[in-house]
Amino acid sequence: MKRAFLLAALLAGACGAPTASPSSTSAQRTAAAIEAPAAMGTNGAAVPALHWTSCHQDFLCAAAAVPVSYRDPQGPSLNLAVIKLPATDPGHRIGSLFVNFGGPGTDGVSELTRFGARYPDELRARFDLVSFDPRGIGGSSPISCPGAENTVLGSPLRPEQHDTFYATSARAGQACAASSGKLLDHLSSANVARDMDLLRQATGDPKLNFLGYSYGTYLGGTYANIFPANVRAMTLDGTLDLVANATGKPGDENKPVDVRADTARAQMDELGVFFDECAKAACAFSGGDQRKKFDDIVAKLTRGRVAGTNLAGFLKTLESAFYQFGRWKRLGETLNTLAAATSPGPAAPVLDPYLPTHSTGYLAVQCVDSQNPQEPAVYDRLAVTEQTRVPYFALGAVFNMAQCIGWPGHDDDRYLGPWNRQRQNPILVVNNRHDPATPLHNAQSTVDELGDGRLLVVESFGHTSLNVHSACASAAMARYFVDLAAPPSGTTCAPDARPFG
């Protein structure tokens, strides 16, 4: 569940020919549609009036009042911070394009100011680009959790530190509950989707155009099923598996969300393609048997620090490098240095793996959106079986959601499916073939879950297509938003650059 990092402009170009891949037909989608009561919408909440004022040079900003609880639409409200980059060709403007940059916990206002001007000229001309800080985040009535950051101590693998790890993992939730109270019960993505529908109406758009990256794909999928009749065009880029993120498929319900999504296997895949690309480019780590050298590095680090690096820091460096292949050259040099470093010698294994911790904004959304195990024993058992199944990366996936154990917020209005409501137009799903955070198998599952998804695969590495400079993918997205012409499922796009280039 990582934020998308927008590192490159979207460019114009052409798409590759479709490859053989099954697509969901309209008849199949209708037959598979789940009959279930519609989820609560905005429940008669008043549409906020947006009073735009100039901000950040070329942008316009506004505040929007929305209900804290959509069960009580005339009750207490909170203010959303909203931002817009107006279309450059207002005479041919189609409408607004809402953008979510991932997270959860990422504020949309600052992200759009940083990256809005980099979108393709055609999209910039035809759409106002609109984003907002989700409720509880940034400038939108942010939650308060004083002293909650960096509080996790100990290792769940060390018997003498086991209880400390779980006790300190709960501190973030305790701090948030003490200072933010009942607001924690209203921060699900479903309520953010309801906010977005009010904002859609406030901007005068009859239907929503939406572009979501990483976590933003879950927000998009949620909106598309709470408000299926209100969707014009939606692109999900770097896609979460909607079912895995919410509840898990049958048999997986009592596993943490990243184990359900199998992100560890995706990282292992990325490591393999790194070795392959390193060998092709004769990178600094290419000599000899790379896999054996890598195993030797990990073995040395499990016995202590090597060249100033410990095991947790090493695995964190890998995760960061996997997000963007522009970092692979430096990674090769780092691996080469560690391979040549002296071993600390025989010692007891270091039981301090890389255990991700999260911002309170992330936790406040993810811990209510997703059902996660609430018993430490479940995590302890999975740590053994998953580490055997996927070495190196499994423990990060297992313990990624340990901070959700005992989380004090619970949103009764969150959305857990169904995911294949009838919609007018297909949803475009874009994914890199080798994405370490939102793996391709997640995107393929989401296409099936949506029923009307069209999958476009970028033949590259890293998290979301925005990290790989694909003019082809950019052109396909622009064409889809402007003309509602989604590429056929199975379309592939080449990146504009390769690792070590």
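Before reading further, recall that the structure is shown in the block above.
The sections below set out a description of the structure shown in this document. Numbers given for residues are sequential positions, taken from 1 along each chain in its written order. With pLDDT at 70 or above as the cut-off, local features in this predicted model cover only qualifying residues; side-chain atom pairs require 80 or more to be listed or tallied, and sums for whole chains, interfaces and linings still use all residues. Only hydrogens and water are set aside when side-chain values are computed; all heavy atoms of the structure are taken into account.

### Regarding the environment of Pro67
And step 1. A run of H or I in DSSP becomes a helix once it reaches four residues, and a run of E becomes a strand once it reaches two; helices and strands are each numbered from the N terminus. Assignment of secondary structure puts Pro67 in strand S2 (residues 59–67).
And step 2. For this analysis, residues touch if any pair of their heavy atoms sits within 4.5 Å. With near-sequence residues (within four places) excluded, Pro67 lies in contact with Ala45, Asp72, Pro73, Pro76, Ser77, Arg135 and Leu198.

### Quick word on the sheet that holds strand S6 (residues 208–213)
And step 1. The criterion for strand pairing is that DSSP finds at least two bridges linking the strands in question. Reading across from one edge, S1-S2-S3-S5-S4-S6-S7-S8-S9-S10 is the order of the 10 strands in this open sheet, with mixed pairing throughout. Lying at the two open borders of the sheet, with one neighbouring strand each, are strand S1 (53–55) and strand S10 (491–493). Across this sheet, the average inter-strand angle for adjacent strands is 25°, counted without regard to direction.
And step 2. Direction of pairing for S2 relative to strand S3 (residues 77–85): antiparallel, over a ladder of eight bridges. In the sheet register, Val66 faces S3, and the bridge partner there is Leu78. Inter-axis angles, ranging from 0 to 180 degrees, are taken between N-to-C directions of lines fitted to C-alpha atoms, where helices are fitted over the stretch in contact.

### Concerning the environment of Pro495
And step 1. Here Pro495 is to be found in the segment after S10.
And step 2. In sequence terms Pro495 and Ala117 are 378 residues apart; their C-alpha atoms lie 21 Å from each other.
And step 3. If near-sequence neighbours (up to four positions away) are discounted, Pro495 is found in contact with Glu459, Ser460, Val468, His469 and Ser470.

### Focus: the packing of aromatic side chains
And step 1. Paired rings are identified among Phe, Tyr and Trp, the last through its six-membered ring, by centres lying within 6.5 Å, and are further divided according to the angle between planes into stacked (under 30 degrees), edge-to-face (over 60) and tilted (the rest). The final tally for this structure, using the stated rule, is 22 aromatic pairs.
And step 2. Here Trp328 and Phe461 contribute two aromatic rings whose centre-to-centre distance is 5.2 Å and whose plane-to-plane angle is 40°, an arrangement assigned as tilted. Here Trp328, found in helix H13 (residues 328–340), pairs with Phe461, found in strand S9 (residues 453–461); they are 133 residues apart in sequence, far enough to count as distant. Considered together, Trp328 and Phe461 belong to a single accessibility category, that of buried residues.
And step 3. Of the aromatic side chains, those joined through ring pairs into one cluster are Phe274, Phe275, Phe285, Phe294, Phe314, Phe322, Phe325, Trp328, Tyr392, Phe393, Phe461 and Phe500.
And step 4. Definition used: whenever NZ (Lys) or CZ (Arg) falls within 6 Å of the ring centre and also within 35 degrees of the ring normal, the charge is taken to sit over that ring. The residue whose ring lies beneath Lys293 is Phe285, and the NZ or CZ to ring-centre distance is 4.2 Å. A simple rule labels every residue: compare its accessible area, found with a 1.4 Å probe on the protein chains alone, to the largest value its type can have, and call it buried under 20%, exposed over 50%, or partly exposed in between.

### Thoughts on the state of the cysteines
And step 1. The criterion for a disulfide is a pair of cysteine sulfur atoms lying within 2.5 Å. For the structure shown, the criterion picks out five disulfides.
And step 2. Put simply, Cys367 and Cys404 are joined by a disulfide, and their sulfur atoms are 2.0 Å apart. Taking the torsion about the S-S bond as the criterion, the Cys367 to Cys404 disulfide, at about -80°, is left-handed. With Cys367 in helix H14 (residues 360–369) and Cys404 in the loop between helix H16 (394–399) and strand S8 (427–434), this residue pair connects regions lying 37 residues apart in the sequence.
And step 3. In this model, Cys472 is linked to Cys493 through a disulfide, with the two sulfur atoms separated by 1.9 Å. Here the S-S torsion is close to -60°, and the disulfide linking Cys472 with Cys493 is therefore left-handed. One end of the pair, Cys472, is in helix H18 (residues 471–483); the other, Cys493, is in strand S10, and 21 residues separate them in sequence. In this pair, the class of Cys472 matches that of Cys493, namely buried.
And step 4. The connectivity of the disulfide bonds within the protein chain can be written as 1-2, 3-4, 5-6, 7-8, 9-10, using the sequence rank of each bonded cysteine.

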